[in-house]
Amino acid sequence: MSDSDHVRILSRRDIVKVASATGVAALAGTSVAEAAAPPPKKWDQEADVVVVGYGGAGACAAIAAADAGASVLLLEKQTQAKHYPNSRMAGGIFHSPQPDGNRAALKEYAKAMMSGENIPGKLEGEQPEVSDELAEIYSRRAPDNAPFLQSLDPDFKTARLAGASFPTFPGAKEAGYRTYFATYTGKADFNVPSLNKPKQEKMNGEAFFTCLTVGVSKRNNIRALFETPASRLVTDDKGEVIGVIAKQGDKEIAVKAKRAVVLTSGGYEYNMAMRKAFLEGPGVDGWAFYGTTYNTGDGIEMALGVGAGLMKTGKAASRIITAVPIRVNGLRIGLITDSVGSPNSLVVDNHGKRYASETLVTVDPSRYFFYKAAVQFDIQKLDYPRSPSWMIFDEKLRKEKCITFRGISTAGYGFVPWAQDNLDAIERGWILKGDTLEELAAKIKAHADNRKLFDEAAFVETMRKFNGYCAASKDEEFGRKLDPAGVIDKPPYYALPLYAGGPNTKGGISANGQREVLNWSGKPIPRLYTAGEISSAFKFVYQGGGNLTECITFGRVAGENAAKLKPWS
Ligand SMILES: Cc1cc2nc3c(=O)[nH]c(=O)nc-3n(C[C@H](O)[C@H](O)[C@H](O)COP(=O)(O)OP(=O)(O)OC[C@H]3O[C@@H](n4cnc5c(N)ncnc54)[C@H](O)[C@@H]3O)c2cc1C
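*Asks:* Please give an account of the overall build of the protein that cites residues and values.
*Replies:* Of regular secondary structure, the protein possesses 16 helices and 20 strands. Counting only contacts in the protein whose residues sit at least 6 apart along the sequence, the fraction spanning at least 24 positions is 73%. When the accessible surface of the protein is split by element, carbon and sulfur atoms take 53% of a total near 21,700 Å². Counting 71 positive and 64 negative side-chain charges, the protein places the averaged centre of each group 3 Å from the other.

*Asks:* Requested: an account of the site of the ligand, with residues and values cited.
*Replies:* Lining the immediate surroundings of the ligand are 40 residues, of which E76, S87, D298, E533 and L548 lie closest. Within the backbone of K77, a nitrogen or oxygen atom sits 3.2 Å from a nitrogen atom of the ligand. Contacts to the ligand include G545, whose backbone N or O atom sits 2.8 Å from an oxygen atom. Contact with the protein chains covers 97% of the free accessible surface of the ligand, which is 1,000 Å². The element best represented in the shell around the ligand is helix 16 (residues 546–564), accounting for four residues. Grouping the amino acids of the shell around the ligand by side-chain chemistry returns 16 nonpolar, 20 polar and four charged.

*Asks:* Describe the packing of helix 5 (residues 128–141) against helix 16, with residues and values.
*Replies:* For any two helices packed against each other, one specifies the crossing angle of their axes together with the interaxial distance. Look at helix 5 against helix 16: their axes get within 11 Å of each other, and the N-to-C directions meet at 105°. Comparing the axis directions of helix 5 and helix 16 gives the class roughly perpendicular. Residues L134, I137, Y138 and R141 of helix 5 form the contact with helix 16, whose own contacting residues are T549, T553, F554, R556, V557 and E560. For the contact of helix 5 with helix 16, the class distribution of residues is five nonpolar, two polar and three charged.

*Asks:* Account for the environment of P282, with residues named and values stated.
*Replies:* With respect to the helices and strands, P282 occurs in the loop between helix 8 (272–278) and strand 12 (287–289). Looking at P282, the relative accessible area reads 28%, which means it is partly exposed. Along the chain, P282 and S387 lie 105 residues apart, while their C-alpha atoms are 8.2 Å from each other. Excluding residues that lie within four positions of it along the chain, P282 makes contacts with W287, Y384 and S387.

*Asks:* Please provide a residue-by-residue account of empty space enclosed by the protein, values included.
*Replies:* Applying the stated criterion across every chain yields a total of three cavities of 30 Å³ or more. K315, A316, A317, Y368, F369, Y371, K506, F540, V541 and Y542 are the residues that line the largest cavity. Of the residues contributing to the lining of the largest cavity, the split by class is eight nonpolar, no polar and two charged. Viewed by domain, the lining of the largest cavity spans two of them, domain 1 (34–88 + 221–315 + 507–564) and domain 3 (318–503), each represented by three or more residues.

*Asks:* Report on the pairing of strand 3 (residues 45–52), specifying residues and quantitative values.
*Replies:* Among the eight residues that make up strand 3, seven are buried, leaving the element largely enclosed by the rest of the structure. Pairing analysis gives seven bridges linking strand 3 to strand 11 (residues 251–263), with the strands arranged parallel. Residue pairing across strands places V49 opposite A260, the latter belonging to strand 11. Two elements, strand 3 and strand 4 (residues 72–75), share four bridges in a ladder whose sense is parallel. Looking at strand 4, one finds that V50 is bridged to L73. Once the chain exits strand 3 it traverses helix 2 (residues 56–67) before rejoining the sheet at strand 4, and the crossover so formed is right-handed.

*Asks:* If you had to explain the packing of helix 2 against helix 7 (residues 204–217) to someone new, which residues and values would you point to?
*Replies:* Running from N to C, helix 2 and helix 7 cross one another at 30°; their axes reach a closest spacing of 10 Å. With respect to helix 7, the element helix 2 is oriented roughly parallel. Both helix 2 and helix 7 take part in a crossing whose hand is left-handed. On helix 7, the residues touching G56, A59, C60 and I63 of helix 2 are F208, F209, L212, G215 and V216. Class assignment for the residues of the contact of helix 2 with helix 7 results in seven nonpolar, two polar and no charged.

*Asks:* Can you explain the domain arrangement of the protein? Please cite residues and give values.
*Replies:* Taken domain by domain, the protein consists of domain 1 (34–88 + 221–315 + 507–564), domain 2 (93–208) and domain 3 (318–503). Placing a centre on the C-alpha atoms of domain 1 and another on those of domain 3 gives a separation of 35 Å. A combined buried area of about 2,600 Å² lies between domain 1 and domain 3, and 61% of that area is made up of carbon and sulfur atoms. Where domain 1 meets domain 3, there are three salt bridges. The partner of D285 in a salt bridge is R332, with the nearest N and O atoms 3.9 Å apart.

*Asks:* So what's going on with the sheet that holds strand 5 (residues 93–95)? Which residues, and what values?
*Replies:* Each strand in a sheet pairs with its neighbour through backbone hydrogen bonds, running either in the same direction (parallel) or in the opposite one (antiparallel). Overall, antiparallel pairing links the three strands, which are arranged 5-7-6 in an open sheet. Two strands close off the open sheet at either side, each with one partner strand: strand 5 and strand 6 (157–162). In this sheet, neighbouring strand axes are inclined to one another by 40° on average, regardless of whether the strands run parallel or antiparallel. Here strand 5 runs beside strand 7 (residues 179–183); their pairing, made up of three bridges, is antiparallel. Its bridge partner being in strand 7, I93 is matched across the sheet by F181.

*Asks:* Can you break down helix 7 residue by residue, with the values?
*Replies:* Under the 1.5 Å per step criterion, the end-to-end length of helix 7 is 20 Å for 14 residues, consistent within 8% with the ideal 20 Å. Counting buried positions over the 14 residues of helix 7 gives twelve, a clear majority of the element. Taken together, the buried positions of helix 7 are occupied by N204, G205, E206, A207, F208, F209, T210, C211, L212, V214, G215 and V216.

*Asks:* I'd like a rundown of the pattern of salt bridges, residues and numbers included.
*Replies:* Inspection of every chain in the model, using the stated rule, returns 37 salt bridges. Across the pair K443 and E439 runs a salt bridge whose closest N-O atoms are separated by 3.6 Å. With K443 and E439 both in helix 14 (residues 437–446) and four residues apart, the pair spans about one turn of that helix. K443 sits in the partly exposed class, given a relative accessible area of 37%. For E439, a relative accessible area of 31% puts it in the partly exposed group.

*Asks:* Please provide a residue-by-residue account of the packing of aromatic side chains, values included.
*Replies:* With the rule as written, the count across this model stands at 23 aromatic pairs. Judged by centre distance (5.8 Å) and plane angle (90°), the ring pair of Y138 and F538 falls under edge-to-face. Remark: F538 occurs in the loop between strand 20 (524–530) and helix 16 and Y138 occurs in helix 5; sequence separation between them is 400 residues. Overall, Y138 belongs to the buried group, its relative accessible area being 0%. Consider the rings of F377 and Y384, whose centres lie 4.8 Å apart with planes at 50°: the pair is tilted.

The rules behind each value
Residue positions are given per chain, counted from 1 along the sequence in the order it is written. Residues qualify for local features only when their pLDDT is at least 70, as the model is predicted, and side-chain atom pairs are given and counted only at 80 or more; totals for whole chains, interfaces and linings, by contrast, use all residues. Side-chain figures throughout are based on the complete set of non-hydrogen atoms in the structure, without hydrogens or water. The helix count covers DSSP runs of H or I at least four residues long, the strand count covers runs of E at least two residues long, and both are numbered beginning at the N terminus. Whether two residues touch is decided by their heavy atoms; if any such pair falls within 4.5 Å, the residues are in contact. For the area figures, the Shrake-Rupley method with a 1.4 Å probe applies, and any residue is considered shielded solely by the protein chains shown. Under this rule, positive means Lys or Arg and negative means Asp or Glu; His and the chain ends count for nothing. Charged groups are reduced to one reference atom each: NZ for lysine, CZ for arginine, CG for aspartic acid, CD for glutamic acid. Each residue is tested against the molecule or strand, and it is near if at least one of its non-hydrogen atoms lies within 4 Å. What qualifies as a polar contact is a pair of N or O atoms within 3.5 Å, subject to a donor-acceptor requirement within protein and to the restriction that residues adjacent in sequence count only when both atoms come from side chains. Residue polarity follows a fixed list, in which Ala, Val, Leu, Ile, Met, Phe, Trp, Tyr, Cys and Pro are nonpolar, Asp, Glu, Lys and Arg are charged, and the others, Gly among them, are polar. Comment: axis = line fitted to C-alpha atoms, over the contacting stretch for helices; angle = value between 0 and 180 degrees taken between N-to-C directions. Note that the term roughly parallel is reserved for angles under 35 degrees, roughly antiparallel for angles over 145, roughly perpendicular for angles of 65 to 115, and oblique for everything else. Each residue is assigned to one of three classes by its accessible area relative to the maximum for its type, calculated with a 1.4 Å probe on protein chains only: buried under 20%, partly exposed between the two thresholds, exposed over 50%. Definitions used throughout: a 1 Å grid over protein atoms alone; a cavity as a set of points that fits a 1.4 Å probe which cannot get out; a pocket as an open set with protein on both sides within 12 Å along at least five of seven lines; a lining residue as one with an atom within 4 Å of a point. Grid points are joined across faces, edges and corners, and a volume is the space filled by probe spheres set on the points. Domains are outlined according to an automatic or database domain assignment. We treat two strands as partners when DSSP finds at least two bridges between them. Call a crossover right-handed when, viewed with both strands pointing away from you, the route from the first strand across the helix to the second goes clockwise. By convention the crossing between two helices is left-handed if the near helix lies anticlockwise of the far one by an angle smaller than a right angle, and right-handed if it lies clockwise. Throughout, buried area stands for the accessible area (probe radius 1.4 Å) lost by two parts on being put together, summed over both. For this document, the term salt bridge refers to a Lys or Arg side-chain nitrogen within 4 Å of an Asp or Glu carboxyl oxygen. What a helix should span is 1.5 Å times the count of its residues minus one. Put simply, two rings from Phe, Tyr or Trp (the six-membered ring, in Trp's case) pair if the centres are within 6.5 Å, and we call them stacked under 30 degrees between planes, edge-to-face over 60, tilted for the rest.

Here it is in structure tokens:
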């Protein structure tokens, strides 16, 4: 670390001291509580490696650090009884390239997904300083992802799903890319909820996370403290991270990290200020997420407090989803809305007009970018005309299908009630209903989020045209595959508001391939590591399953590196 880095960190601390002394709590948009804490008089807990956040990345970091001989303390905000990190609420898809695949090709493919800089003509590549190392380490470690999970619990199984999602990317053909589904049954069935099922019946994220918790519980050098949210990092005079301040009830505890701290506390899905700061468009009511409500950007705030930089923090593998007026931290809870693009449905903007082929929401590569269409800004009217959008469907689809997905996510884990027949959601007003298209249009216009923008006549014309395209099996405007069975003509009609959003944000703490947290000058902050969605490596495009993958690959890298350091005392 250079002198200038010391200056940077120390001067921040000095600012905080001044702020404390003068009673000025907020300086430059931050507060004393967010900044680094000085060493305490006494430590309440200690371990070689302290891992903040017990999700997939935290579990993998803890296991790797423990296997390298370190004592590990996992700090987790949620209760043990209802411990639902995103890694558990997830679909359970992860990548594990073939061990005998071409590693050079795998590195190229990974680099393309991480930064896009090796794809001719692509513009994104803004992290060349870390992407080569990230891709190199990924190419060496990711093929071991599935074997690693199986080593934790021999009962754990994988079901093979697919190969490379981006077949034209460099290395895609030779890399031996593979994605798998986590399961204890040997089968892949996304529709079967497995919360509260015995281990041998578990699938999805339930299987994935169960496997990790089995691995954690088998290691007696790992302890987990639940209901213990971390709030600040402790640094010494040299700016090295030497511990964590956490809360237990009303009491603050000081946790000594003899070797290092690993931040794995997830993204900022339920942090209103960060959503306003980082997300495109209206970050509060224009967005929603369908994972745990406990990911509130705490680790990002803690890292900023010791001078960490950020990287592409606004990235979120997202599309359009519905959300309900049950709010946590002032933010609506979202739900997987996989029915978008179904026959007997279409999507209109906030004015009543279609703007895209609805099936783009469900296919690669557009499915993880569709949010960009949803947050489009009208530069003349100075409005977000697609925020919200509206999924319109008829009685046929209402009866046939649950409009949201109940196997996993917020409906599957009891954050939001939603019955299979959708009737309770209609009853609650979460789905609007009209016996005629005109009645439905009037209800959309009266909805607070519509801001009275809906054009009833344009909407009725949109519906007429769409049904005509279905009858002709040809979508003249957006090229969606349509056929006569897909018409929307069975009343009553329904409208569901859709917002930009998806499973999770992709964090943004700046970190290199060794998962050292970097400051704004790109220098590592001593003894601070990170992994998971708080610092996602996949900054250009997202192949489904990438987030759990990086928990396994880079969680282990972070844990191993943290354990390797010499204790500071
Ligand atoms: C419904 C859904 C489906 C998904 N499906 C897939 C999929 O199939 N494949 C895939 O790759 N990805 C999927 N994802 C994304 C993926 O699940 C997440 O990005 C990934 O699990 C993140 O892992 P993590 O360890 O970084 O965070 P998490 O698993 O969310 O863990 C973070 C933990 O940190 C805790 N925490 C937060 N703040 C603090 C604090 N201050 N102190 C202590 N603890 C704290 C949280 O309570 C939480 O337990 C899905 C996500 C969702 C929501």
